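If you want the building blocks of each chain, they are given just below.
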Amino acid sequence: MEEHINWMSKAMVYAEEALERGEVPVGCIFVYEDQEIATGGNRVNETKNATCHAEIVAIEKVREWCSLRKKDQQDVFRALTLYVTVEPCVMCAGALRQIGVPLVVYGCSNERFGGCGSVLNIAADQLSSLGPSFDVIKGVLAEEAVQLLKQFYKGENPNVPEDKRKPKQISILNKQETRL
Amino acid sequence: MPVLADIYTQPVQLADFYVSNITDRKFTAALVKHLNITAPLGSFQHLKRVRGDKSKGHRDFVMIPRDHDDSVRESEQINIMMTSLLKSSDIPSTTLSKPYLVKVPICCPATRAQYEESSFYWPVTFHEDKRIAQMLSGTFFSKEEIQRIKNYLLEAESLGKKAAEKGQKHYGIVVVDPDTNTIIAKGHDMCRGSNPLHHAVMVGLDLVARSQGGGMWCLEEKSNVCELTSCESSNGQMASEKSGPYLCTGYDIFLNMEPCPMCSMALVHSRVNRVFYSTPHVDGGLGSKYKVHMQAGLNHHFDVFRWTGEVLSDIRAHH
Ligand SMILES: [Zn+2]
Ligand SMILES: [Zn+2]
């Protein structure tokens, strides 16, 4: 557990960086053979691509890491642990499953989009075309992850058009606006 | 054919309810008033409380759901119910006959077909959703619209075919701005290239982002495996100008194959307008395995239509 907390506090740094960039504060790291090989934070606004979540960013970096070291990316994918501050959404859970990541550790739940049990259970459901199911450990540094989200939703997301913006919300988790 | 939430397509589900005859009709109004307090219908508000039966000349009155607690014997339960129902009212207990059980619909009907089926069991209220009714009746799209949809689906199919020729999966995508009837992006699956996440939808969405001055993937590198068209072709200045809507707001998506759960949620995140696809997939996220676009709690919902006309795609349905 202590090991999980250590890795998660590193992932939290990337969530904080996302917040500083004005993105939804979600951060993650991939751990391979006890070392951090890729990190990611949300970059939706920057790329104008709503699918540019922390996990997708980090998966791309794993691929770069593999090609630099001439490692087979499939072998590496299948030996990874993902630490992510918020439960992966349905999309990211689908992505993780397709590349075959066996273990995902996350902080707080994602009530609106969560793909590891909150909305759908992409992690465990029978989906033969999507690759093997993966294990999930939740609740690691959840409170810290929630605090960051609260900070974000206290301010406005400048990239959401005026008419789409909602009144400021303090009760956050059921109002996760755009993209976790 | 629209891919609607289950509430529009499921058969009528039934529950047991206690019902009594009203022996003295002049008490009907008083009974309705009183029982709305002592035996409120709760989640069964769609049931009318009184059912008239002209042929038999009596009225039935719906009361309370059957308690499935087996520890209480049926007759005992009835007795308790009858004494409590008319308590503190001026209505004589003889006004209601010994209750009996009937089946009543559990849900408020969402479509006319469900309404007709429900009414067979017990009279219910029904407010027709005109939009849903149109979708179900097949008059939602005009002939011209159907032809346009078909053409874009065929375009997606031919992109899929190109992908298959290059050893990729037979999946294509066309992104269209329906207001101007122009194609914003065309793409196809590249997941057997270097990135297993390069599904047709993910590729197409990144092409749209790129047309708006964004984008996250270096898709050019693999131009030999992908047929790219972002909107530069239709509007030369767009790529540099960072214009366009917020994400894919207002855009229609055409696919020859139902998207996987990952891609389905990607479409939700991208706030697309509508999705049309021709072939269902057993693990698909927009109708087959899940209805991601209908999940309660999402901040964005969109309509999904599955083509049910003649076969448009060479790919076999994945059932
Ligand atoms: Zn995600
Ligand atoms: Zn997909």
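Under the annotation held in an unreviewed UniProt entry, chain B carries the name CMP/dCMP-type deaminase domain-containing protein and is attributed to Pomacea canaliculata. Reading the Sequence similarities (unreviewed entry) entry of the UniProt record for chain B gives the comment "Belongs to the cytidine and deoxycytidylate deaminase family. ADAT3 subfamily."

An unreviewed UniProt entry lists chain A under the name CMP/dCMP-type deaminase domain-containing protein, with Pomacea canaliculata given as the organism.

A. Up close: the UniProt feature "domain: CMP/dCMP-type deaminase" (unreviewed entry) in chain A. As annotated in UniProt, the feature "domain: CMP/dCMP-type deaminase" (unreviewed entry) corresponds to residues 2-127 of chain A in the numbering used here. For the annotated span residues 2-127 of chain A, helix accounts for 42% and strand for 21% of the residues, and the straight-line distance between the end C-alpha atoms is 33 Å.

B. Representation of the interface of chain A and chain B. At the junction of the two partners, chain A supplies 40 residues and chain B supplies 37 residues. Taking both partners together, chain A and chain B bury about 3200 Å²; carbon and sulfur atoms supply 62% of that area. If you look at where chain A meets chain B, you find 0 salt bridges. Where chain A touches chain B, the interface holds 10 residue pairs in polar contact (both at pLDDT 80 or more). Within the residue set of the side of chain A that touches chain B, elements represented by two or more residues are α3 (54-68), α4 (73-77) and α5 (90-99) of chain A. By residue number, the principal contributor to the side of chain A that touches chain B is α5(A), which donates 6 residues. Here the residues of the side of chain A that touches chain B sort into 19 nonpolar, 13 polar and 8 charged.

C. Just the coordination of the zinc ion (ligand 1), in detail. Residues and elements named next belong to chain A. Within the protein, the atoms that donate to the zinc ion (ligand 1) are His53 (ND1), Cys89 (SG) and Cys92 (SG), at distances of 2.0 to 2.3 Å. Motif for the zinc ion (ligand 1), donor spacing along one chain: H-x35-C-x2-C. For cysteine 89, a relative accessible area of 0% puts it in the buried group. Relative accessible area serves as the criterion here: at 0%, cysteine 92 is assigned to the buried category.

D. Structural context of the pairing of strand β4 (residues 103-108) of chain A. Residue and element names in this part refer to chain A. The buried fraction of β4 is high, at 5 of 6 residues. In the classification by handedness, the crossover that spans strand β3 (residues 80-86), the intervening α5 and the parallel β4 is right-handed. The pairing of β4 with strand β5 (residues 135-137) spans 3 bridges and is classified as parallel. In the strand pairing of β5, leucine 103 is matched with aspartate 135.

E. View of the sheet that holds strand β1 (residues 27-32) of chain A. Residue and element names in this part refer to chain A. Read from one edge to the other, the open sheet built from 5 strands follows the order β2-β1-β3-β4-β5, with strand pairing classed as mixed. Looking along the sheet, the strands with just one partner apiece sit at the ends: β2 (35-41) and β5. Going across the sheet, the axis of each strand differs from the next one's by a mean of 20°, ignoring polarity. By the bridge criterion, 5 bridges tie β1 to β3 in an arrangement that is antiparallel. Paired with isoleucine 29 across the bridge in β3 is tyrosine 83.

F. A look at the pattern of salt bridges. All names here are of chain B. This model, assessed by the stated rule, comprises 6 salt bridges over all chains. Salt-bridge contacts for aspartate 16 lead to lysine 103; the nearest nitrogen and oxygen are separated by 2.9 Å. Here aspartate 16, found in strand β1 (residues 14-22), pairs with lysine 103, found in strand β4 (residues 100-105); they are 87 residues apart in sequence, far enough to count as distant. A residue is classified by how much of its surface remains accessible, and aspartate 16, at 16% relative accessible area, is buried. Its salt-bridge partner being aspartate 252, residue arginine 274 comes within 2.8 Å of it at the nearest N-O pair. With arginine 274 in strand β8 (residues 274-279) and aspartate 252 in strand β7 (residues 252-257), this residue pair connects regions lying 22 residues apart in the sequence.

Conventions and cut-offs
- Residues numbered from 1 in each chain as written.
- Chains lettered and ligands numbered in written order.
- Predicted model: local features only at pLDDT ≥ 70, side-chain atom pairs only at ≥ 80, totals over all residues.
- Heavy atoms only, no water.
- UniProt positions renumbered as here; feature names shortened; annotations may be inferred.
- Helix = DSSP H or I, 4+ residues; strand = E, 2+ residues; numbered from the N terminus.
- Contact = heavy atoms within 4.5 Å.
- Buried area = accessible area lost by both parts, 1.4 Å probe.
- Salt bridge = Lys/Arg side-chain N within 4 Å of Asp/Glu carboxyl O.
- Polar contact = N/O pair within 3.5 Å; in protein donor to acceptor, adjacent residues only side chain to side chain.
- Nonpolar A, V, L, I, M, F, W, Y, C, P; charged D, E, K, R; others polar.
- Donors = N, O, S within 2.8 Å, 3.2 Å for Na, K, Ca; no water.
- Buried < 20%, exposed > 50% of the residue type's maximum accessible area, 1.4 Å probe, protein only.
- Right-handed = clockwise from strand over helix to strand, strands pointing away.
- Pairing = 2+ DSSP bridges.
- Axes fitted to C-alpha atoms, helices over the stretch in contact; angles between N-to-C directions.

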